[in-house]
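# Residue-level structure breakdown
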Amino acid sequence: MLPRAAAIGLLVAAAASCARLRPRSHLVRLHDFGFAPDSLVVAVGDTVVFRNDDVVPHTATRVGGGWDSGELGPGASWRLVVRRPGAEHYYCRYHPGMRGVLRVR
Ligand SMILES: [Cu+2]
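Our subject in this report is the structure included herewith. (Residues numbered from 1 in each chain as written. Predicted model: local features only at pLDDT ≥ 70, side-chain atom pairs only at ≥ 80, totals over all residues. Heavy atoms only, no water.)

### Thoughts on the overall build of the chain
For clarity, the cut-off: Runs of H or I in DSSP of at least four residues are treated as helices and runs of E of at least two as strands, each being numbered from the N terminus. Each residue gets one of three labels from its accessible area relative to the maximum for its type: buried under 20%, exposed over 50%, partly exposed in between, using a 1.4 Å probe on protein chains only. We call two residues in contact when some of their heavy atoms are within 4.5 Å. Using a 1.4 Å probe, accessible areas were evaluated by the Shrake-Rupley method; residue-level cover was limited to the displayed protein chains.
What the chain contains, in helices and strands, is one helix and eight strands. Traced from its N-terminal end to its C-terminal end, the chain shows the element sequence α-β-β-β-β-β-β-β-β. A burial count over the chain gives 31% of its 105 residues as buried. Within the chain, counting contacts between residues at least 6 apart in sequence, those at least 24 apart form 49% of the total. By element, 59% of the accessible surface of the chain is carried by carbon and sulfur atoms, the whole surface being about 6400 Å².

What follows is the structure, encoded as structure tokens:
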């Protein structure tokens, strides 16, 4: 039988391992004509929720195609499940100065 401290240590390690594998959800706000945060590190399988907190419509659109929220009115949100590792650059089709990137691991 393991000493109690070692057993607890194993449980903590197992829990930490599960936490890394479990998909997470991240929030990107569309706010003040920008994405906040405009750079985010995520893992394959994670969900990114884009939520428009502005008073005008925006989109979250991948540069080069592949995914597009379509028009998000004020208060609307859209969920993206990240499928591939790499850098996913995106912008707003209505305000091309709005840009962001997901760094997918
Ligand atoms: Cu916009």
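### Thoughts on the environment of proline 85
Position of proline 85 relative to the elements: it lies in the loop between β6 (77–81) and β7 (86–91). For proline 85 and leucine 102, which are 17 residues apart along the polypeptide, the C-alpha to C-alpha distance reads 9.5 Å. What proline 85 contacts, discounting residues up to four positions off in sequence, is Val44, Val104 and Arg105.

### Overview of the sheet that holds β7
Note the following rule: Note on pairing: DSSP must find at least two bridges between two strands before they are called paired.
Here we have four strands laid out as an open sheet, ordered β3-β8-β7-β5, and mixed in their pairing. This sheet does not close on itself; its edge strands, each paired only once, are β3 (39–42) and β5 (61–62). Bridge analysis of β5 against β7 gives two bridges, and the strand direction is antiparallel. Across the sheet, the residue bridging to arginine 62 is tyrosine 90, located in β7.

### Points about the pairing of strand β4 (residues 47–52)
Among the six residues that make up β4, five are buried, leaving the element largely enclosed by the rest of the structure. With six bridges joining them, strand β1 (residues 25–31) and β4 adopt parallel strand pairing. The partner of arginine 29 across the bridge, within β4, is arginine 51. In this sheet, β6 lies alongside β4 in antiparallel orientation, the contact comprising five bridges. Along β6, the bridge assignment pairs threonine 47 with valine 81.

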